[in-house]
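Examining the three-dimensional arrangement
As a plain string of letters, each chain reads:
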Amino acid sequence: MKKKQQQAAVGVVKAELEDGRGKAAVASSMVAPAALSPLSETLWREKAAAEFLGDVSARLAWRDLTVTVVVTGNGGGGGGETTATQEVLQGLTGHAEPGTMTALMGPSGSGKSTLLDALAGRLAANAFLDGTVLLNGRKANLSFGAAAYVTQDDNLIGTLTVRETISYSARLRLPDKMPTEEKRALVEGTIVEMGLQDCADTVVGNWHLRGISGGEKRRVSIALEILMRPRLLFLDEPTSGLDSASAFFVTQTLRGLARDGRTVIASIHQPSSEVFELFDRLYLLSGGKTVYFGLASEACQFFAQAGFPCPPLRNPSDHFLRCINADFDKVKATLKGSMKRRFERSDDPLDHIMTSEAIRRLITYYKNSQYYFAAQQKVNEMARVKGTVLDAGGSQASFWMQAFTLTKRSFINMSRDFGYYWLRLIIYIVVTVCIGTIYLNVGTGYSSILARGACASFVFGFVTFMSIGGFPSFVEDMKVFQRERLNGHYGVLAFVISNTISAMPFLILITFISGTMCYFMVRLHPGFTHYLFFVLCLYASVTVVESLMMAIASVIPNFLMGIIIGAGIQGIFMLVSGYFRLPHDIPKPFWRYPMSYISFHYWALQGQYQNDLKGLVFDNQNDELPKIPGEYILENVFQIDVNRSKWLDLAVLFSMIVIYRLLFFAMIKASEDVTPWVRGYIARRRVQRGKKGRGGAHRGAADRSPSLRAYVVDAGDDGLPAEHP
Amino acid sequence: MELNGGGGGGGWAGALSPAARYAESGGASLTWENLTAVLPGAGGRATKKLVQGVYGYAVPGRVVAIMGPSGSGKSTLLDALSGRLARNVLLTGKVLLNGKKRRLDYGVVAYVTQENVLLGTLTVRETVTYSALLRLPSSMSKAEVRRVVDDTLDEMGLRECADRNIGNWHLRGISGGEKKRLSIALEILTRPRLLFLDEPTSGLDSAAAFSVIETLRQLAVDGGRTVISSVHQPSSEVFALFDDLCLLSSGECVYFGDAKLAPQFFAETGFPCPSRRNPSDHFLRCVNADFDDVAAAMKGSMKLRAEADFDPLLKYSTTEIRERLVDKYRISEYAMMVRNTIHEISKIEGVIEEVVKGSQASWWKQLTTLTRRSFTNMSRDFGYYWLRIIIYILMAVCLGTIYYDVGTSYAAIQARASCGGFVSGFMTFMSIGGFPSFIEEMKMFTLERQNGHYGVAAYIISNFLSSMPFLLAVSWASASITYWMVKFRPGFSYFAFFALNLYGGVSVIESLMMIISALVPNFLMGLILGAGVIGIMMLTSGFFRLLPELPKIFWRYPVSYIVYGSWGLKGAYKNDLIGLEFEPMMPGQPKLTGEYIITKMMGLSLSHSKWLDLAMIFVLLFAYRLIFFLILKAKEAAAPYIRVAYTQFTIKRLERRASFRKTLAMSSMSKRHNQPSHPMAVQEGLNSPLPY
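As the structure is a computational prediction, the values presented were derived from the model and not from experiment. (Residues numbered from 1 in each chain as written. Chains lettered and ligands numbered in written order. Predicted model: local features only at pLDDT ≥ 70, side-chain atom pairs only at ≥ 80, totals over all residues. Heavy atoms only, no water.)

Further remarks concern the overall build of chain A. Looking only at helices and strands, one finds 26 helices and 14 strands in chain A. Across the 725 residues that make up chain A, the buried fraction comes to 61%. (Helix = DSSP H or I, 4+ residues; strand = E, 2+ residues; numbered from the N terminus. Buried < 20%, exposed > 50% of the residue type's maximum accessible area, 1.4 Å probe, protein only.)

Rendered as structure tokens:
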């Protein structure tokens, strides 16, 4: 066993040696297999024990990679939409090997993220890829979950501790067969490896809970992705927004992960000196073209050869970015007075030449340099060797395990997040006390007929309305879902089911407390079944609203729009519920016929009126007139069909819960599958129309996995793809 | 202006240090000596020294950078120098402006905060112009103001983007660097001699950061201003632009002096900067105690392994390095030089310009400018009113079709009442949709108010005036749709009453939401609170429970009278029903008159006219606005008292305790503000280009 392990590690070192240059720096740091961290040791062992042995590492090579984005906009005056294609990346060649960390660098808008997405197979639907991406000499197909991808924003559940976050994620994805002990060991190993021991029991933090620092959050995000022990790790700007110490720590950890035999590729924006020194390879981009690809330690030499030596006391990466950031031309153009003179007097060669000129020179120089030829050679070599097909990552847990874990996690989150349900519970109690005191002991007087009706409609109309307060939490939930979904952690169905089940206890609690208070303060129709009906009806209504809001949140991730739309829909439902306008008076087409039957208020009110009035006898306007039975009121005042059982109304409400949940499921599925497909189809059509005659159909566009994102290329100041979901 | 302006003293001029020579050239020179800021711990927590015995100076024509790891006291020092220290921090030591002690209060000096608080819908030029109109003397002619604005735009290099929108959650706007320069432009409009900036480069890429600091230098060198800026992690180019450097670590000064000499000092102390390293990265690396944690954590995860000797600095703990540096600096010639320079500067009799505090514009000018600005913002922000107008119109159409041609049957009595109830209740409810915009506006107000740009009254009145056209449009549009579709009573005066009633209701709710946004600056809390309050208002307005049946205590007596809904409904019923006749319940019985319905069925009295009810709504509107005013005033007025009381309390406590010196690790309280705040804060969500 030990031997195999050594072999594997030696293989890594060899691969590095083959590279031909600068091995001393890198290889020295990976001397002995004993250097493997505990987690990675298990990784090797397990893989080595698997039936087929050999190299399980990931070698990624890409050749002549060109990415074209279809831009739709109203650019340039003329009426109607104009379609343009823009090459975001142009003919990139490079490779990444196990045991090394490759940094993609460049000014904002140079295509770092696009390259990362292209390599990870996450390009948006309206971007087209030309060229080849080879993983272990085979055409790469990295769909959901095959490679680990850490995004820039840490969408974590704020109320869980670090350990909980990681162990839930482990349970969601590791095979069910794996013993709990082993899972726990793996989680602990990951925590240690990511240096999270000190904060393992601290909550992540959200808007009201003070949690871990930004650097720690980033490391938790990385920890989640390395749980499945991927051989290939992509990171989008892992250091953005971190201070130098945290950034250093994160990068150091990544370097450690790479040293264990993983292939790490990260886009990095502005590394500090310490961080830059940790990179093995550097891929420098400007305007979608390669400026430099090679060992990070040799980049300075390259720049010096090209005529732009890095001055002393300067961070090399700052210098490189200074050379290739075309924005500096703009800055220089706005200078005036003494600053302009200072520039003119300066002896820095960069201050005398336009950045665009410098970029042009560097790109030409690179094209003819040994670095470029070495890279090409290496890529050809790697293309020839057909290696292992890496098994896809993604979740290996069963559906029930996923659903169960998700339910538990979601429940814990809800119980700890003050804004999710507790705040609403307080508001519900306050509002219920108000209702209770206003309708206190309503009685059976003549005027109480209307009061009972109003009370029911207020409870079912307005109290359910307050559910919109949970909307922000829903949106947060959806964000976490989207991240995990993109990484293939679990299925949509498991999410929808878990969300439904975990919310149930809270909704029951809320509705039972407020329903009970309301029922007994107002003294509605006495009797246990009447009480039960009232509370159940309230519970069903609140759950329906909740499901409705969830469905909205899955489509509209913006608070303001979501709340306004949710409020509008509920307003209309309330209007046709039969209280504001009596059922028979509601105009038949549209409002009465589909709408009032779709409205859950309608069913709730129908049921509750029956529940409350049937069997009661009310006083008439004056004592001489006969008393009025409840049935009479139901039929003549509220215009309700007394033949239908109130329980049927309740059943309709419950079936609505199911329908809305299904709708929620369908909405997610639709936005996941249909939208990218449509977007891609439109883009393809446009490209074909635009490129007629130019040839070159875009390979790979059709069989790519759908992505939830679309590139938006703006001709504005940034002039580059910003990502929008 | 002459550099050797020492006069006839011969050798004296040569004795002046370079910095002191700058100071002589006029403008504002700031010196600080032995500055210590203490945060008294509340309750059981120990007191913390945020800044400890710091010396330094800032002279015209030079840019001072305050640097340090997060939590080192950068912001505290900056706040202490600019007189903006948080209320509960005790400050000792001497801060002299041109050799004289003076209060640098809000509005005296320019202070650019880290966050850009700007109205996203305005263009760059508009933003600057409105700010100029708000603060420059009203006596200035239009042309003069325009000249000042143009000069400022030129000076800040904002000419090219002058006519572009700043951008908000749905509009794409100018870049981050341009936003920052715009924030600076707003502060230099009144030509202050002294400019403070809190981390102006945070969140900017290298080119944008460079352009911002470059502009600052230009302001200092060409404009003869004194610029003090804290900066977090400058890139090499940016660092090269600073003249003086103040390096802090855990509140202590590690280095103060010429930025060019700092590498030399570090080399002398035994920590030379490697040649392929940005000096500022190196300095921070040396003094950032977080690196100790990193090292410890890495040791724990057994990651150091063969790489242990990778960083020479890891041989020492950062705490050791820091201590050595601090001790060395204290006795170094650099410190001596600084003290000498401070001494020299404080002897120079600078001309103290009387800086006028706050705004020089007349109240009337402020009001009109604010109203115009606010109106422009509202008309361009899609989410402020337009979205709501659309929703209102849709709702009105729904309402109109549901109650289409309501008629005068017996059932119509109930229908008319419900329609009125729904309009007054639910339609006004939709105002909560404007809440995020209110919060944005409150942020803007708080900032500008702190800077003394205008008064509370001007703000409130302008807010009322600028929203009026929109609210009128909203209520007029939805009222006319509903009115004609439902076929309420024909006659213009009836329609006008209906529309005005709706307008009154919407305005009152709007004012209520403004009050809530002044009290709760959090979107979620505000929304829930607002919805709760409106819900209770609806309940007591006489629709869900008839007014005479409301419990007398509390609900009937104060509440139903404070609530606009009861007046609105009373008015609406009278407007709609009086003079109409309805079918009776059973055919053959006499027709029911409107008066009968109102008095008998609704339990309302007819003793006063509907116009009085309408007037009451406007009285309420006025009252709510007054409450809003009082709350804003109270918030401002209460602040200093709390501060004084708290400080006195602390001093007493400190006297009792001997161990005043005890310092604590700063890390616990510090790390916060360099982190991006949580996306949950919806204010944030709205600033960012939409969905995640």
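Next up on the list: the layout of surface pockets. A water-sized probe rolled over the atoms picks out the places where empty space is left. Estimated volume of the second largest pocket: approximately 1,500 Å³. Along the wall of the second largest pocket there are 45 residues; nearest its centre are Y446 and V637 of chain A together with Y410, M585 and M601 of chain B. The set of elements that each furnish at least two residues to the lining of the second largest pocket consists of α18 (448-465), β12 (628-629) and α25 (630-636) of chain A together with α16 (410-429) and α23 (594-601) of chain B. With six residues, the top contributor of residues to the lining of the second largest pocket is α16 of chain B. A per-class count over the lining of the second largest pocket returns 31 nonpolar, ten polar and four charged. (1 Å grid on protein atoms, 1.4 Å probe; cavity = no way out; pocket = protein on both sides within 12 Å on 5 of 7 lines; lining within 4 Å. Points joined across faces, edges and corners; volume = space filled by probe spheres on them. Nonpolar A, V, L, I, M, F, W, Y, C, P; charged D, E, K, R; others polar.)

What follows deals with the domain arrangement of chain A. All names here are of chain A. You can read the domains of chain A as domain 1 (97-123 + 139-338) and domain 2 (399-669). The straight-line distance from the C-alpha centre of domain 1 to that of domain 2 is 46 Å. Taken together, the 24 residues of domain 1 in the interface contact 21 residues of domain 2. The interface formed by domain 1 and domain 2 includes one salt bridge. Here R416 and E164 are joined by a salt bridge, their closest N and O atoms 2.8 Å apart. Applying the counting criterion to the domain 1 and domain 2 interface returns five residue pairs in polar contact (both at pLDDT 80 or more). At the level of elements, α5 (162-173) and α7 (214-226) are the ones that each hand at least two residues to the side of domain 1 that touches domain 2. When grouped by side-chain class, the residues that make up the side of domain 1 that touches domain 2 number nine nonpolar, eight polar and seven charged. (Domains from an automatic or database assignment. Contact = heavy atoms within 4.5 Å. Salt bridge = Lys/Arg side-chain N within 4 Å of Asp/Glu carboxyl O. Polar contact = N/O pair within 3.5 Å; in protein donor to acceptor, adjacent residues only side chain to side chain.)

What follows deals with the pattern of salt bridges. Scanning all chains against the criterion turns up 47 salt bridges over all chains. We note a salt bridge from R452 of chain A to D612 of chain A, for which the minimum N-O separation is 3.0 Å. Note that R452 of chain A is positioned in helix α18 and D612 of chain A in helix α24 (residues 600-613), a separation of 160 residues in sequence. With respect to class, R452 of chain A is no different from D612 of chain A; both count as buried. A salt bridge links D244 of chain B to R62 of chain B, with the shortest nitrogen-to-oxygen separation between them at 2.9 Å.

Residue and element names in this part refer to chain B. Where helix α4 (residues 124-135) contacts helix α6 (residues 176-188), the axes come no closer than 9 Å and their chain directions differ by 20°. As the angle between them shows, α4 and α6 are arranged roughly parallel. For the pair α4 and α6, the sense of crossing is right-handed. Facing α4, whose interface residues are V124, T127, V128, S131 and R135, α6 presents L182, L186 and E187. (Axes fitted to C-alpha atoms, helices over the stretch in contact; angles between N-to-C directions. Parallel < 35°, antiparallel > 145°, perpendicular 65-115°, else oblique. Left-handed = near helix turned anticlockwise from the far one by under 90°.)

Next up on the list: the nonpolar core. If you look at the biggest cluster of nonpolar residues, it comprises 198 residues, and the most contacted ones within it are I435 and Y439 of chain A together with F544 of chain B. Setting aside anything within four residues of it in sequence, one finds I435 of chain A in contact with C455, F458, V459, V463, C518 and V522 of chain A together with L539 of chain B. With 104 residues, the next largest nonpolar core counts W62, I222, L278 and F308 of chain A among its residues. (Core = buried A, V, L, I, M, F, W, Y, C linked by side-chain atoms within 4.5 Å.)

Turning our attention to the sheet that holds strand β9 (residues 244-249) of chain B. Residue and element names in this part refer to chain B. Here six strands make up an open sheet; going across it, the order is β6-β7-β8-β3-β9-β10 and the pairing mixed. Two strands close off the open sheet at either side, each with one partner strand: β6 (110-112) and β10 (252-258). With strand direction ignored, the average angle separating the axes of adjacent strands in the sheet is 15°. Bridge count between β6 and strand β7 (residues 194-198): three bridges; the pairing is parallel. Bridge pairing in β7 links A110 to L195. The strands touched by helix α9 (residues 262-269) within the sheet are β9 and β10, with β10 carrying the most contacts at an inclination of about 130°. (Pairing = 2+ DSSP bridges.)

Contact residues are listed per partner, giving 111 residues for chain B and 113 residues for chain A. Both faces considered, chain B and chain A share a buried interface measuring about 10,000 Å² in area, 66% of it formed by carbon and sulfur atoms. Our count for the contact surface shared by chain B and chain A stands at two salt bridges. Here R277 of chain B ties to E277 of chain A by a salt bridge, and the two come within 2.9 Å at their closest N and O atoms. Inspection of the chain B/chain A interface yields 17 residue pairs in polar contact (both at pLDDT 80 or more). With eleven residues, the single largest contributor to the side of chain B that touches chain A is helix α20 (residues 523-539) of chain B. (Buried area = accessible area lost by both parts, 1.4 Å probe.)

What follows is about the domain arrangement of chain B. Segmenting chain B into domains produces domain 1 (22-108 + 192-347) and domain 2 (363-638). Here the C-alpha centroids of domain 1 of chain B and domain 2 of chain B sit 54 Å apart.

Glancing now at the packing of helix α19 (residues 471-486) of chain A against helix α21 (residues 528-555) of chain A. Residues and elements named next belong to chain A. Orientation of α19 relative to α21, taken along the N-to-C sense of each, is 50°, at an axis distance of 9 Å. The angle between α19 and α21 places the two elements in the oblique class. In this structure, α19 meets α21 at a crossing whose hand is right-handed. Across the interface between the two elements, F471, F474, V475 and M478 of α19 pack against E546, M549, M550, I552, A553 and S554 of α21. Counted by class, the contact of α19 with α21 contains eight nonpolar, one polar and one charged residues.

All names here are of chain A. One non-glycine residue, L313, adopts positive backbone phi at about 55°. Among the secondary structure elements, L313 is positioned in the loop between α10 (299-305) and α11 (316-324). Of note, F590 is a non-glycine position whose phi angle comes to about 65°, a positive value. Relative to the assigned elements, F590 resides in helix α23 (residues 588-598). Judged by relative accessible area, F590 falls into the partly exposed class, the value being 48%.

Below, the discussion takes up the sheet that holds strand β8 (residues 263-268) of chain A. Sheets are built from strands paired through backbone hydrogen bonds, the pairs being either parallel or antiparallel. Residue and element names in this part refer to chain A. An order of β6-β7-β8-β3-β9-β10 is seen for the six strands of this open sheet, with the pairing classed as mixed. Either end of the sheet is taken by a strand with one partner, and the two such strands are β6 (148-150) and β10 (289-295). Shown here is a sheet whose adjacent strand axes are inclined to one another by a mean of 15°, direction ignored. Here five bridges tie strand β7 (residues 232-236) to β8, and the two strands are oriented parallel to one another. Counted as the bridge partner of D236 is S267 from β8.

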